[in-house]
Amino acid sequence: MKGSPYRIAAVIAAGLAIVAAASIAQGQSPQTIMVPMRDGVRLATDVYVPDGGGPWPTALICTPYSRKGAQGFARQALERGYALVAQDFRGRFDSEGDDYPVFLAGGWGEHQDGYDTVEWIARQEWSNGKVGGFGMSAPGIALNMMAPSRPPHLVCCYVSVAFSSMYHQAAYQGGAFRKALLETWLTLSKFTPKNLELFRAHPEYDDFWRALDPESVADRVNVPTMYVGGWYDIFAAGTLNSFVTVHKQGDQGARGKCRLVMEPYGHGRNEELVFPDAGHPQAADMWNWFDLWMKNDGQGIEDIPVVQYYVMGDPGDPNTPGNQWRTADDWPIPADMRKIYFHTDKRLRLRPPQDLFGSVAYRYDPKDPVPTIGGANLTISKGPMDQRPVEDRPDVLLFDSPVFDRYIEITGPVTVKLWASSTAPDTDFTAKLCDVYPDGRSMLVLDGIVRARHRNSMETSELLERDKIYEFEIDLWATSLVVSPGHRLRVALSSSNAPRFEPNPNTGRPPGADDKAEAATNTIYINAEHPSHIVLPVVWR
């Protein structure tokens, strides 16, 4: 993903870039208004209004990537009988104020730019008082931040590929800094450098991050929302968590009225493995969602499946029951949560190890980390990519299942449980789940990380005692995949995945405190007392 910061920003905005160059219907141009917020800061806002009589329902997008990129959506809105409002974030492009800290001013705290904008729209003569918010990536995050502030005239939202907690999904996944995502995004999008300095100054989950965690206040959300994500998306967990918390815990207007769509993509198209017949379900169309709530008062919501998800499979297998869309009434779907155990002979088995003293050790050197190849990334390689180039390293432990003789479906959350020790006061443990094809390709399905100092809590740090055995859990997030006969599953364990995650220097010092780094010997315990394993959600059909 090379190019100018604007080009990168356009890619980040996902669908916004696809239609940004489209002309406005009938040659109409927007009216630009500097809309005042509660503190007097004015935000640059473009208003598109259909010809003829009004008033109209309004589609709203708030973006850090320039409101002018919404022209294509404006054309669609006018054709569907909607006004459209596109607004630059505070401190971005033509808006006044400071873009620091990013996203915070649009939330439910001291500044509530989203709330103020919705209520400003409702007061305009061309508005019928009904506003629906939409956004992909950062504009979707803006909606997740706005919704808990409960603007009275916000009727519904359509949120695509957005986090539900900035700390846990965008900044410090598993306690490890998401360097390639956050640092690169802030730099290429030309946010004030103070943002990165601030995020690095808060390596633990504290009150600062709580104000950027809409998932924690999901019970305040009172509008129905359709959440759209991808299995390889940088915020896949955010999409799933947003749906689960708001649909089940939200206020009356949202509870039981949300919808979830999970597609087989990353934050953009996959680079190596492309799944067939993916498309986009008609029942997940944004304008139909807006019509449902802003024109039909929710009549017909029962006709939209609660959950629509694409089950991936081997694209070359014409008989696979994967590579198709399915529906469900809830998430996660019912599954047999199977523990698959690691063994010292590098095998995965259903039975736990019987060895009394089994373990496997490796040397992790933060100056020579395992390079990232694919996964849930933004500006570096993304999606399901072949991991063989990094699997022969001495600091990567591989565990393989037998070759499957039938189809096995894995749909739901995946976790790895490890018992491990280190010679360092702090280190990381990483895990990857791969689908190994008959030709040897080891295609990444999921990966994750845990920083040892945050093994018990993201709110506090607890350093390790040398060579003491501790219990760790690595959240690999979730997937939906049918593994074909002739394939096998592989788990790769290590202590780095860079630059996806910033390498742990092993010193016990706070992240980024200095340039010192030390090698460590890390040991995974695989025995009767410490049965390290992966938990897979197996679905039997």
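What you are looking at is a predicted structure, and each value in this text was computed from that prediction instead of being measured.

**Student:** Before we move on, can you summarise the environment of Tyr309 with the specific residues and values?
**Tutor:** Following the sequence through the fold, Tyr309 ends up in strand S11 (residues 307-311). Under the relative-accessibility criterion, Tyr309 is labelled buried at 2%. Tyr309 sits 38 residues away from Arg347 along the chain, and the two C-alpha atoms are 31 Å apart. Ignoring sequence-local partners within four residues, the contact set of Tyr309 consists of Trp231, Met262, Gln324, Trp325, Arg326, Thr327, Ala328, Ile333, Glu409, Thr411, Ser480 and Arg541.

**Student:** Can you lay out the UniProt feature "domain: Xaa-Pro dipeptidyl-peptidase C-terminal" (unreviewed entry) in the protein for me, pointing to particular residues and giving the numbers?
**Tutor:** UniProt feature "domain: Xaa-Pro dipeptidyl-peptidase C-terminal" (unreviewed entry): in the numbering of this structure it lies at residues 287-535. Helix makes up 5% of residues 287-535 and strand 37%, with an end-to-end C-alpha separation of 39 Å.

**Student:** Explain the state of the cysteines to me, using residue names and the numbers behind them.
**Tutor:** Using the criterion set out here, one finds zero disulfides in the structure. Here Cys156 stays unpaired: no disulfide links it, and the sulfur of Cys157, its closest cysteine neighbor, is 6.7 Å away.

**Student:** Could you give an account of unusual backbone geometry, naming the residues involved and the relevant values?
**Tutor:** Cis geometry marks the peptide bond from Trp331 to Pro332; its omega dihedral reads -5°. Its location among the elements puts Pro332 in the loop between strand S12 (324-328) and strand S13 (336-342). The omega torsion across Ala498 and Pro499 is 15°, close enough to zero to call that bond cis. As for its position among the elements, Pro499 is in the loop between strand S21 (488-494) and strand S22 (520-525). A positive phi angle, close to 90°, is found at Ser66, a residue other than glycine. Relative to the helices and strands, Ser66 is located in the loop between strand S3 (56-63) and helix H3 (71-80). When its relative accessible area of 8% is taken as the criterion, Ser66 is described as buried.

Rules and cut-offs
- Residues numbered from 1 in each chain as written.
- Predicted model: local features only at pLDDT ≥ 70, side-chain atom pairs only at ≥ 80, totals over all residues.
- Heavy atoms only, no water.
- Helix = DSSP H or I, 4+ residues; strand = E, 2+ residues; numbered from the N terminus.
- Buried < 20%, exposed > 50% of the residue type's maximum accessible area, 1.4 Å probe, protein only.
- Contact = heavy atoms within 4.5 Å.
- UniProt positions renumbered as here; feature names shortened; annotations may be inferred.
- Disulfide = S-S within 2.5 Å.

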